[in-house]
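Each chain, letter by letter, is given below.
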Amino acid sequence: MLKIKSYLLLLFVFVIFSCSKDDDNSDPTPPQIDKTVNQQTLGSSARDFLTADNFISIRLEIAYVQGFKPTQSSIDGLVTFLQSRCYKPANISIKETVVAPTGDNASLDIDEIVQIESDNRTVYNTGDELGVWVFFADNNSDKDEGNSVILGTAYRNTSCIIFEKTIQDINNSLVGGDLSRIEGTSLHHEFGHLFGLVDLGTPMLVDHQDTTAADDGTSTPNRHCNVEGCLMYFQTVTNVFSMAMGNGSVAEFDELCLADLKANGGK
Ligand SMILES: [Zn+2]
Ligand SMILES: [Zn+2]
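Residues numbered from 1 in each chain as written. Chains lettered and ligands numbered in written order. Predicted model: local features only at pLDDT ≥ 70, side-chain atom pairs only at ≥ 80, totals over all residues.

### Let's talk about the sheet that holds strand β3 (residues 129–136)
Spatial ordering of the open sheet is given by β2-β1-β3-β5-β4, a layout of five strands whose pairing is mixed. The open sheet has two edge strands with one neighbour each: β2 (92–99) and β4 (152–156). Within this sheet the neighbouring strands show an average axis-to-axis angle of 20°, counted without direction. In this sheet, strand β5 (residues 159–162) lies alongside β3 in parallel orientation, the contact comprising four bridges. When the bridges of β5 are listed, F135 appears paired with I161. Against the sheet, helix α6 (residues 179–194) contacts β4 and β5, and its axis sits at roughly 25° relative to β4. (Pairing = 2+ DSSP bridges. Helix = DSSP H or I, 4+ residues; strand = E, 2+ residues; numbered from the N terminus. Axes fitted to C-alpha atoms, helices over the stretch in contact; angles between N-to-C directions. Contact = placed C-beta atoms within 7 Å.)

### Structural notes on unusual backbone geometry
The amide bond that connects L197 to the next residue, V198, takes the cis arrangement and shows omega of -5°. Mapping V198 onto the fold places it in the loop between α6 and α7 (240–245). Unlike most non-glycine residues, D199 shows phi in positive territory, near 60°. Position of D199 relative to the elements: it lies in the loop between α6 and α7. On the basis of neighbour counts, which here come to 16 C-beta atoms within 10 Å, the residue D199 falls in the partly exposed class. (Buried ≥ 20, exposed ≤ 12 C-beta atoms within 10 Å, placed from the backbone.)

### Details of the environment of I75
For I75, the position within the fold is in helix α3 (residues 72–85). C-alpha of I75 to C-alpha of I62: the two residues are 13 residues apart in sequence and 8.5 Å apart in space. When residues no more than four places from it in sequence are discounted, the contact partners of I75 are I62, P70 and I94.

### Some points on the packing of α3 against α6
The contact between α3 and α6 brings their axes to 9 Å, and the two run at 35°. Between α3 and α6 lies a crossing of right-handed hand. Each of S73, S74, G77, L78 and F81 in α3 lies in contact with α6, whose residues at this interface are S180, E183, G184, L187, H188 and F191. For the contact of α3 with α6, the per-class residue count stands at four nonpolar, six polar and one charged. (Left-handed = near helix turned anticlockwise from the far one by under 90°. Nonpolar A, V, L, I, M, F, W, Y, C, P; charged D, E, K, R; others polar.)

Next up, the structure:
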């Protein structure tokens, strides 16, 4: 009897709760965006990037602190890169968002990076449009150590950060450095992780995961390709001298990474 009473009470509470929810839904203001769909683990939206199954367009939120905006050629290059790998019959559009400075000489840790996104991000998945957040930071990563610096980190299914200050500092220290090339390689590499490489949501057809490279120190698993020169090769984004002074173009996926992307529905 007691059990039945408790059950009825629960049912009653549930009904009241449901009614209050219904009342909220009848409000004429548009429903709240579900931000949680853009707060999933890295690599889990690989097919959402690569295929048109769920999303036919991409909206990129390019966020930056004044003075740390990427070059126009890096932005254009990213759009071309996405068009060349992802089936998006509708357009790939850009929204620029200016973010307040993050503090003097304050290295950013992952909690701060997530907080900056939470405070500033406005573009989320809407209907059949995939929303993506890319933040160009005015500070470096807290994982930097001596000569080992982090240029970018993909940390959620549709989120990455580029440490633009670090990139600018490196470029300024080089004679004949090419800012767009360092930015482009860093950006495309992080998008490779968003696409699920390597074996991070996009399965490997053959084993080409680098198990020997040192971890890059981020909370991201070390998901890199073992083919030298590939965009997803660890040293491609750690050897900035070869990146900046190399053969003149942004690094590209090797055949094994390309085959994985195609097998998972990409171009
Ligand atoms: Zn990486
Ligand atoms: Zn590769």
